[in-house]
Protein chains: 2
Amino acid sequence: MSNSKLYKGSLTTIILKLLNEHDKMYGYEITQKVKALTKGELKITEGALYPALHKLEAEGLLDVEVAKVDNRLRKYYKLTETGTKETVNKLEELAEYIKTMQALMNPKLA
Amino acid sequence: MSNSKLYKGSLTTIILKLLNEHDKMYGYEITQKVKALTKGELKITEGALYPALHKLEAEGLLDVEVAKVDNRLRKYYKLTETGTKETVNKLEELAEYIKTMQALMNPKLA
DNA sequence: AATATATACATAATTTTCTTATGTATAAGA
DNA sequence: TCTTATACATAAGAAAATTATGTATATATT
């Protein structure tokens, strides 16, 4: 699982943004959602996703809730209050970064 | 030197793009150009820049030419033919990535 | 004259953040 | 039966930064 190079640093923003919209999601669901939304362009690897989720949880941005569905384990993650605030920051940072890159790539329009 | 987080993976694209426009540039000049074009938003650290330039040279994407100006050393870099081709690819990849991220961040507009 | 800042290169140690490769386990489909 | 999908996890390694140094010259400031 992996395709077009994920620019390092953007995975956290993706996770937070999805959780900001969907209230609660589990890991596998996130991988599928990203795949769907990007029409297969972006594939989140498990090796990147799970450690990222654990880190966000350790930082207090996410809460976990374990559930058993169809005899299979699911770990539902949701944003904490801090996580919601941090999501705003991350989204601003990303928007800023895209603007900055566009300024570099299209200097005439600056 | 460092300010807003450089999304890892984009530095090479920035270097190639600048060299595609300016024919030849030296390292320090690149740091100043990026600073100017982004109004100080993005600051390229030397610890990132010089290894990146060396790598691009080793890969055959850049040629170097050493010059002495005001008794100070300058290493002018310019794109090779391969480098020019790779620049096109990198710019496409970046544009693609920005589109992908926008699809994720703005799912309604998709 | 002394000191700080700007110019110009470089590298080493460390950190962050991925990819790749595994591993476990259940359920469903071919 | 075997493969694919679902669902988690971690370890090894690579890539690409940051941070901290180091060297050296030139210019501006005190």
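Our structure's up above, just so we're on the same page.
Since we're looking at a predicted model, the values are computed, not measured. (Residues numbered from 1 in each chain as written. Chains lettered and ligands numbered in written order. Predicted model: local features only at pLDDT ≥ 70, side-chain atom pairs only at ≥ 80, totals over all residues. Heavy atoms only, no water.)

J.: If you had to explain the interface of chain A and chain B to someone new, which residues and values would you point to?
T.: Listed per partner, the contact involves 28 residues of chain A and 28 residues of chain B. The contact between chain A and chain B buries some 2900 Å² in all, and 71% of this surface belongs to carbon and sulfur atoms. Looking at the side of chain A facing chain B, the largest losses of area belong to Tyr7, Tyr97 and Leu104 of chain A, adding up to 25% of the total buried there. Inspection of the chain A/chain B interface yields zero salt bridges. Where the side of chain A that touches chain B is concerned, the elements lending two or more residues are helix H1 (11–22), helix H2 (27–37) and helix H4 (81–105) of chain A. Sorting elements by how many residues they give to the side of chain A that touches chain B places H4 of chain A first, with 12 residues. Partitioning the side of chain A that touches chain B into residue classes produces 15 nonpolar, six polar and seven charged. (Contact = heavy atoms within 4.5 Å. Buried area = accessible area lost by both parts, 1.4 Å probe. Salt bridge = Lys/Arg side-chain N within 4 Å of Asp/Glu carboxyl O. Helix = DSSP H or I, 4+ residues; strand = E, 2+ residues; numbered from the N terminus. Nonpolar A, V, L, I, M, F, W, Y, C, P; charged D, E, K, R; others polar.)

J.: Describe helix H4 (residues 81–105) of chain B, with residues and values.
T.: A rise of 1.5 Å per residue sets the reference length of H4 of chain B, with its 25 residues, at 36 Å; its end C-alpha atoms lie 36 Å apart and thus fit the reference within 8%. Among the residues of H4 of chain B, Gly83, Thr87, Lys90, Leu94, Tyr97, Ile98, Thr100, Met101, Ala103, Leu104 and Met105 of chain B are the ones counted as buried. On its buried side, H4 of chain B packs onto H1, H2 and H4 of chain A together with helix H1 (11–22) and strand S3 (72–79) of chain B. (Expected span 1.5 Å × (residues − 1). Buried < 20%, exposed > 50% of the residue type's maximum accessible area, 1.4 Å probe, protein only.)

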